[in-house]
Amino acid sequence: MERNDIVAMRVKFLRKMCNLRQNNDTRPVVYLDETWVNQNHSRGQIWKNAQNTEGLKEPTGKGGRLLICHAGSRKFGFVNENGVDFSPLETLSELRERVKSLIPKEKKYELDEIALQIGHEIVRLPPYHCQYNAIELIWAQVKGEVAKNNTTFKFDDVEKLLNDALNSVTVDNWKKCTDHCHNLQEEDFIKEGIRDEILTPIILTINSDDSNDSESDSEES
């Protein structure tokens with residue numbers, strides 16, 4: 001059975017997103033996420049002849065890994081400006097520490113307050129519900145393009161394919177993905193109301209006196 005706290009977080013998220021749309025909030029919804037592409041990323045099925053002498057020869061293993069962190073919206077597509085300064089010479093460990101330093105340590109996030117001051121609002125996805133994040137569909141498109149065109153399995157070539165795939169994502173792609181997620185959010189929010197109607201409450205009455213009496217009886221016997 002689904003955890004009650006997860007259900008509560010999902011309903012809170014869906015109610016917030018639906019209310020924003022119902023109130024015609026003009027602020028763009030920006031979806032943020034990270035993913036990766038492996039050096040040997042390719043299609044699941046590759047043509048080869050019976051002797052395995054012709055066709056694309058896929059190397060074993062996953063190879064190196066390219067990490068991607070991006071954000072985008074229905075109105076603007078990918079967001080290309082950010083306020084985090086970093087050097088391309090920094091190692092992955094250094095970048096991780098830099099990102100960690102930006103993560104609030106308490107549940108009341110200072111970042112939320114800063115965002116509100118400049119007219120933005122942060123709405124966090126409930127755990128295990130990536131289907132509500134439009135950028136997940138964008139990642140699928142990008143990684144599909146890399147898999148389709150990756151024939152050398154060289155790290156530099158994969159990086160170029162990745163950048164080309166990111167640059168090929170259009171605002172129209174974002175519109176389709178966000179519309180899909182918006183519809184899903186609306187449908188699931190309606191389902192949550194139906195869920196409450198069809199679920200019969202279960203009331204458990206625990207009488208402490210009965211428990212004590214039973215214990216006393218068992219001790220006497």
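Let me sum up the structure you'll find in this document. (Residues numbered from 1 in each chain as written. Predicted model: local features only at pLDDT ≥ 70, side-chain atom pairs only at ≥ 80, totals over all residues. Heavy atoms only, no water.)

Some thoughts on the sheet that holds strand β1 (residues 30–38)
Pairing within the open sheet is antiparallel, and its 3 strands lie in the order β1-β2-β3. In the strand order of this sheet, the two ends are held by β1 and β3 (77–78), each with one partner. Strands β1, β2 (65–73) and β3 of the sheet are contacted by helix α4 (residues 134–149), whose axis makes an angle of about 30 degrees with β1. (Pairing = 2+ DSSP bridges. Helix = DSSP H or I, 4+ residues; strand = E, 2+ residues; numbered from the N terminus. Contact = heavy atoms within 4.5 Å. Axes fitted to C-alpha atoms, helices over the stretch in contact; angles between N-to-C directions.)

Regarding the pattern of salt bridges
Within this structure, the stated rule accounts for 13 salt bridges. The partner of D5 in a salt bridge is R3, with the nearest N and O atoms 2.6 Å apart. A residue is classified by how much of its surface remains accessible, and R3, at 47% relative accessible area, is partly exposed. Between D25 and R27 there is a salt bridge; the shortest N-O distance is 2.9 Å. (Salt bridge = Lys/Arg side-chain N within 4 Å of Asp/Glu carboxyl O. Buried < 20%, exposed > 50% of the residue type's maximum accessible area, 1.4 Å probe, protein only.)

Notes on the packing of aromatic side chains
The final tally for this structure, using the stated rule, is 3 aromatic pairs. Taken together, a centroid distance of 5.6 Å and an interplanar angle of 20 degrees make the contact between F13 and Y132 stacked. Taken together, the residues span a long stretch of sequence, with F13 in helix α1 (residues 4–22) and Y132 in the loop between α3 (110–117) and α4 at a distance of 119 residues. The buried category is assigned to Y132, whose relative accessible area is 1%. Taking 5.5 Å as the distance between ring centres and 80 degrees as the angle between the ring planes, the aromatic pair formed by F78 and W174 counts as edge-to-face. Of the two residues, F78 is situated in strand β3 and W174 in helix α6 (residues 171–198); the sequence distance between them amounts to 96 residues. (Phe/Tyr/Trp six-rings, centres within 6.5 Å; stacked < 30°, edge-to-face > 60°.)

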